[in-house]
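Structure assessment
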Amino acid sequence: GVELVSVEAKRGPEFLGFALHYLAKEKEINEVLLEAGSSLSGEMIQAGFIDELILYLAPILLGQDAKGLFQLPLLEDMSDRLSLNFFDIRTIGKDIRIRATINRPE
């Protein structure tokens, strides 16, 4: 039940846009759940392809060498920041689950 599709585009917004367009138009898939590392998650946010975030916060502190949640190299100053709109916050066991949308600059 697996289909492999080959594309010319390299990793980045062009490839991500192609992949999402292919899923929507060719396969009629209008929802994609992304569970990825900080690089792909950051690329998807910076490309504007994320509609909703579901974040889990565990009661744990990690050191400075721990992997970040998102790699967002285009956000260099506070003026570049993306703000979130939290619309559901609840506890799941000892963790906190946050559902949020991203407020994009106009």
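Everything in this summary refers to the structure shown in the same document. Note that the coordinates shown come from a computational prediction; the quantities given were computed from them, not determined experimentally.

Two faces make up the sheet, and in a regular strand the side chains alternate between them. Sheet topology places strand β1 (residues 53-57) next to strand β3 (residues 95-103); five bridges connect them, and they run antiparallel. Opposite Leu55, over in β3, you have Ile98 as the bridge partner. For strand β2 (residues 83-92) and β3, the ladder comprises nine bridges, and the chain directions are antiparallel. Across the sheet, residue Thr91 finds its bridge partner in β3, namely Ile96. Here β2 folds back onto β3 in antiparallel fashion, the turn holding two residues, of which Gly93 has a positive phi close to 65°.

This next bit is on the environment of Ser6. Take Ser6: it is sitting in the segment before α1 (13-26). With 38 residues separating them along the chain, Ser6 and Met44 place their C-alpha atoms 20 Å apart.

Cut-offs used in this document
Residues numbered from 1 in each chain as written. Predicted model: local features only at pLDDT ≥ 70, side-chain atom pairs only at ≥ 80, totals over all residues. Heavy atoms only, no water. Pairing = 2+ DSSP bridges. Helix = DSSP H or I, 4+ residues; strand = E, 2+ residues; numbered from the N terminus.

Limitation: the analysis is restricted to geometry and does not speak to function.
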